[in-house]
Amino acid sequence: MPVSSTQRTLLWILLAFATAAAALAWAVSRAGYWLEAPAMPPVRADAIVVLGGNDGDRALRALRLYREGYAPKIVLTGLERGSASPPANLTWRAQYLVARGVPRAAVRFEIYSENSYEEAANVLELMRKERWRTVIAVSDPPHMRRLAWTWHRVFKESGLSYALVASEAPWWSPGSWWRDERTGAFVITEYIKIAYYVAKR
């Protein structure tokens, strides 16, 4: 029985929908990998910047980088507890680092930032003030894409450099992010934040 033109059109529409659905499913499955892709290897730097808002994975990675000799100073952004200016009241991250051998004099603070864009801008100003040329910025893997966009925009034409290094977060599972509540929340939130940053900036 010959296929009518209407049936052929319907078949093409169904094929197009199936192809689009497969492409969308593939893109969704790769969403975590896309977010972490801009992460860089560590480089020799003047300071390691631990970006705020985490439960310790970033501080742990910074400690390892410090012990491996990548930089002589660690900068903590944002106060995690209380409102007094450090170092009179150290944050829990500073206490963690000092307890593990980092000299208190090697720990610096950037307490004015309230979001990732301000962190990049304030770190740039700190670098100019201290005459640093390069820093390592440590954050979690799913933050790398947004940080890459933000830091590139802030540092463009500054003549200063940075390396965005991902923490070794045991909870992060980019290949199956939709199966874990915490990883899934991070991925969805990051895509929303990226859209917001692009639209706002």
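Quick note: structure is the one above.
So, here is what we can say about the structure in this document. (Residues numbered from 1 in each chain as written. Predicted model: local features only at pLDDT ≥ 70, side-chain atom pairs only at ≥ 80, totals over all residues. Heavy atoms only, no water.)

1. A word on the pairing of strand β2 (residues 74-77)
Here comes step 1: Neither face of β2 is left uncovered, since the one carrying Ile-74 and Leu-76 and the one carrying Val-75 and Thr-77 both have all their residues buried.
Here comes step 2: As paired elements, β2 and strand β3 (residues 107-110) share 4 bridges and run parallel to each other. Counted as the bridge partner of Leu-76 is Phe-109 from β3. (Buried < 20%, exposed > 50% of the residue type's maximum accessible area, 1.4 Å probe, protein only. Helix = DSSP H or I, 4+ residues; strand = E, 2+ residues; numbered from the N terminus. Pairing = 2+ DSSP bridges.)

2. Let's talk about helix α4 (residues 92-99)
Here comes step 1: Among all positions in α4, only Arg-93, Ala-94 and Leu-97 are buried. Projection of α4 onto a plane perpendicular to its axis shows the buried side chains occupying an angular sector of 95°, all on one side.
Here comes step 2: Turning to α4, the residues buried within the fold contact β1 (47-50), α3 (57-67), β2 and β3.
Here comes step 3: Gly-101 sits one or two positions beyond α4 and adopts a positive phi of about 105°. (Arc of directions from axis to C-beta. Contact = heavy atoms within 4.5 Å.)

3. Overview of the sheet that holds strand β5 (residues 161-166)
Here comes step 1: Taking strand neighbours across the sheet as the criterion, the 5 strands line up as β3-β2-β1-β4-β5 in an open arrangement whose pairing is parallel. The sheet is open, and its two borders are formed by β3 and β5, each paired with just one other strand. The sheet shows a mean angle of 25° between the axes of neighbouring strands, direction not considered.
Here comes step 2: With 6 bridges joining them, strand β4 (residues 134-139) and β5 adopt parallel strand pairing. Bridged to Ser-139 within β5 is Ala-166.
Here comes step 3: Lying on the sheet, α3 is in contact with β1, β2, β4 and β5; it crosses β1 at an angle near 170°. (Axes fitted to C-alpha atoms, helices over the stretch in contact; angles between N-to-C directions.)

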